[in-house]
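# Structure at a glance
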Amino acid sequence: MDKNAAHRTNMIGGDEVDAISVEWDKRVVHETNSLFWDTTGNDILGAIALPFYGAFVSEERRRLFGDVSGKKVLEIGCGSGQSLQYLGERQASELWGIDLSENQIEKTRQQLTEHGLSATLICSPMEEECGLPENYFDFVYSIYALGWTTDLEGTFRRIASYLKKDGVFIFSWSHPIHKCVAAENDKLVFKKCYFDESWYSVSLGENTLALSDRTLSTYVNALAKAGFVIEQMIEESDDELVQANGSDFAKKAKMLPVTFVVKARKP
Ligand SMILES: C[S@@+](CC[C@H](N)C(=O)[O-])C[C@H]1O[C@@H](n2cnc3c(N)ncnc32)[C@H](O)[C@@H]1O
């Protein structure tokens, strides 16, 4: 496997896709991804939202949030708005969300309005100053959105600044080993170098997205640098969700983690 190959295989969701290496440029990444999420993003990738942290890990079983009644919560990359709805229906006192895409912000607003809820919503890249209050939130969380950042350490530093002392940060993302391995004829085949964190683009339908796959240690070290204490990390799938699914993706999830979830605290 050539680490610098222009074309390479990658996994998006449960599918194998052709990825093209791209030069890292924050502005281009934001333009590409906001266009993707403003147009077909949700139709292609669908919402991943609480109570699910990913296809096979659920808050109902893991109880990372616990009781959120009276708590101020902020979602990074609020997308469909379904996670904010879930926490609003469990009596969180304030709902806040930020997202890169105007379209996704509008989706969140509609979703919440339909369920008699409201939130303070900000359209901004998570990497940038966007007027969010500091030392304010009991929970900051993100379900499959954190990995889109162009600046992981800076984003974690910002998230730490939004949290109160002892506030909790929970996020889920594709497990980096899942991004390297494809299921082929009942075999798992390594397709990409685990250590390759370079940016790539993938064409899905009429649109393109830009991503990079960071290793698990990159996430852990960036959390430590931002001053977080990790309380729990989940790599295992929930058995009952895997059994109930039965797809090739579920078969893969029996063999390796497809999602990871981190719960960390600001000391
Ligand atoms: C897979 S979706 C999130 C799924 C979400 N949990 C839901 O319920 O739809 C990823 C979200 O991250 C947003 N996003 C991508 N890059 C971002 C960035 N740099 N800053 C903030 N949001 C971003 C996208 O617009 C999209 O809404």
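Residues numbered from 1 in each chain as written. Predicted model: local features only at pLDDT ≥ 70, side-chain atom pairs only at ≥ 80, totals over all residues. Heavy atoms only, no water.

### Describing the sheet that holds strand β13 (residues 207-212)
Reading across from one edge, β1-β2-β12-β13 is the order of the 4 strands in this open sheet, with antiparallel pairing throughout. Lying at the two open borders of the sheet, with one neighbouring strand each, are β1 (7-12) and β13. Put simply, the sheet's adjacent strands are angled 40 degrees from each other on average, direction ignored. Bridge count between strand β2 (residues 15-21) and strand β12 (residues 199-204): 3 bridges; the pairing is antiparallel. Looking at β12, one finds that S21 is bridged to Y200. Seen against the sheet, helix α1 (residues 26-38) touches β12 and β13 and runs at an angle of roughly 130 degrees to β13. (Pairing = 2+ DSSP bridges. Helix = DSSP H or I, 4+ residues; strand = E, 2+ residues; numbered from the N terminus. Axes fitted to C-alpha atoms, helices over the stretch in contact; angles between N-to-C directions. Contact = heavy atoms within 4.5 Å.)

### What to know about the sheet that holds strand β9 (residues 163-174)
Strand order in this open sheet of 7 strands is β7-β6-β5-β8-β9-β15-β14, and the pairing throughout is mixed. Only two strands of the sheet have a single neighbouring strand rather than two, namely β7 (120-123) and β14 (229-234). Each strand axis lies, on average, 15 degrees off the axis of its neighbour in the sheet, ignoring direction. Judged from the 7 bridges that link them, β9 and strand β15 (residues 259-265) form a sheet pairing that is antiparallel. By the bridge assignment for β15, I170 is matched with K263. Running at roughly 170 degrees to β7, helix α5 (residues 102-114) makes contact with β6 (94-99) and β7 of the sheet.

### A few points about the packing of aromatic side chains
What the rule picks out here adds up to 18 aromatic pairs. With a centroid separation of 5.8 Å and an interplanar angle of 70 degrees, the aromatic rings of W96 and Y136 are classed as edge-to-face. In this pair, W96 is assigned in strand β6 and Y136 in the loop between β7 and β8 (137-143), connecting sequence segments 40 residues apart. Its relative accessible area of 13% is what places W96 among the buried residues. (Phe/Tyr/Trp six-rings, centres within 6.5 Å; stacked < 30°, edge-to-face > 60°. Buried < 20%, exposed > 50% of the residue type's maximum accessible area, 1.4 Å probe, protein only.)

### Considering the UniProt feature "domain: Methyltransferase type" (unreviewed entry) in the chain
Per the UniProt record, the feature "domain: Methyltransferase type" (unreviewed entry) sits at residues 74-171. Helix makes up 32% of residues 74-171 and strand 30%. Its end C-alpha atoms lie 12 Å apart. (UniProt positions renumbered as here; feature names shortened; annotations may be inferred.)

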